[in-house]
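What follows is each chain in one-letter form.
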Amino acid sequence: DVAMKGAVFSDLCKIEMEDGNLSFHETTGNIKVEMKDGDVSVHKAVFSSTCKIEKQDGNIAFSDITGNFKIEMKDGHVAVCNATFDGTSKVEKHDGNLSFKDINGNVVVEMHDGNALVDCARTKAKPFHVKVEVDEGAIELNCPPDLSAQVKVKVREGEIETNLPLEIRKKEEGQEMEGTVGS
């Protein structure tokens, strides 16, 4: 296991691990992680460029972060809480659930099997984009009434639940919802 607290990286911090857990706490900089199995935890971090995590199995948890990330993984759960993205953050995964709570900024999620929960933060910040695609599972999208965003949500086998005033269209395979809310 590897734990870093209070680290500041002026250059790329690249970590390659076969197995084990990895945690960053109160970290600033540019991070790239490549690992096979294990969990990744990031708490109170500011990314100077896109944080990249590539892994096979295990869970990922981000909380209280600023900056962007790109996650590519096969199996496991992803949980992101209280995050502000200055660009676009992206998750590509095969199996497992995803939970984004209190997010502010552009997000793209592509999943094969699992449920996705996306809760947007209450903010007066600039409009942003939310795109979530799930092959097999459910999507729940909760947003504040004053949200300004472009939204595209699609599920092939499953259902969409949302509080947005957008129509959920039933398709031959699944459901989809797309449109602009707010200004």
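The structure reproduced in this document is the subject of the present report. (Residues numbered from 1 in each chain as written. Predicted model: local features only at pLDDT ≥ 70, side-chain atom pairs only at ≥ 80, totals over all residues. Heavy atoms only, no water.)

The next thing to look at is the overall build of the protein. Within the protein one finds zero helices and 16 strands. Taking 16 Å as the expected radius of gyration for a compact globule of 183 residues, we find that the protein reaches 16 Å, a close match to that expectation. Sequence-distant contacts, at least 24 apart, represent 7% of the contacts inside the protein between residues at least 6 apart. Positive and negative side-chain charges in the protein, numbering 22 and 34 respectively, have mean positions lying 4 Å apart. (Helix = DSSP H or I, 4+ residues; strand = E, 2+ residues; numbered from the N terminus. Rg over C-alpha atoms; globule rule 2.2 N^0.38 Å. Contact = heavy atoms within 4.5 Å. Lys, Arg positive; Asp, Glu negative; His and termini not counted. Charge placed at Lys NZ, Arg CZ, Asp CG, Glu CD.)

Glancing now at the nonpolar core. If you look at the biggest cluster of nonpolar residues, it comprises 53 residues, and the most contacted ones within it are F62, F69, F100 and L141. When residues of this core are assigned to their parent elements, the largest contribution, six residues, is made by strand β9 (residues 98–113). Setting aside residues up to four positions removed in sequence, F69 forms contacts with T50, C51, F62, V80, F85, T88, S89, K90, V91 and F100. (Core = buried A, V, L, I, M, F, W, Y, C linked by side-chain atoms within 4.5 Å. Buried < 20%, exposed > 50% of the residue type's maximum accessible area, 1.4 Å probe, protein only.)

This part is about the packing of aromatic side chains. Scanning all chains against the criterion turns up four aromatic pairs. Measuring from ring centre to ring centre gives 4.9 Å for F62 and F69, while their planes differ by 85 degrees; the resulting arrangement is edge-to-face. As far as burial versus exposure is concerned, F62 and F69 are alike and both buried. Each member of the aromatic cluster is reached from another via a ring pair, and the members are F47, F62, F69, F85 and F100. (Phe/Tyr/Trp six-rings, centres within 6.5 Å; stacked < 30°, edge-to-face > 60°.)

So, on to the side chain of N106. Mapped onto the elements, N106 comes out in strand β9. Under the relative-accessibility criterion, N106 is labelled buried at 19%. In contact with N106, not counting residues within four places along its chain, are F85, G87, T88, S89, F128 and H129.

The subject of this paragraph is the pairing of strand β6 (residues 60–66). Looking at chain direction, strand β4 (residues 40–47) and β6 are connected through six bridges and run parallel. Directly across from A45, in β6, lies its bridge partner I65. Pairing of β6 with strand β8 (residues 78–95) involves six bridges; the strand directions are parallel. Paired with T66 across the bridge in β8 is T84. (Pairing = 2+ DSSP bridges.)

Take the pairing of strand β11 (residues 128–136) next. Of the pairings in the sheet, the one linking β9 to β11 comprises six bridges and is parallel in character. Residue pairing for β11: V107 is matched across the bridge by V130. Note that β11 and strand β13 (residues 149–157) share eight bridges and pair parallel. Bridge assignment links H129 to a residue of β13, and that residue is Q150.

Scanning all chains against the criterion turns up twelve salt bridges. With its nearest N and O atoms 3.9 Å apart, the salt bridge here joins E34 to K14. Of this pair, E34 sits in strand β3 (residues 22–37) while K14 sits in strand β2 (residues 8–17), placing them 20 residues apart in sequence. Since its relative accessible area comes to 23%, E34 is described here as partly exposed. (Salt bridge = Lys/Arg side-chain N within 4 Å of Asp/Glu carboxyl O.)

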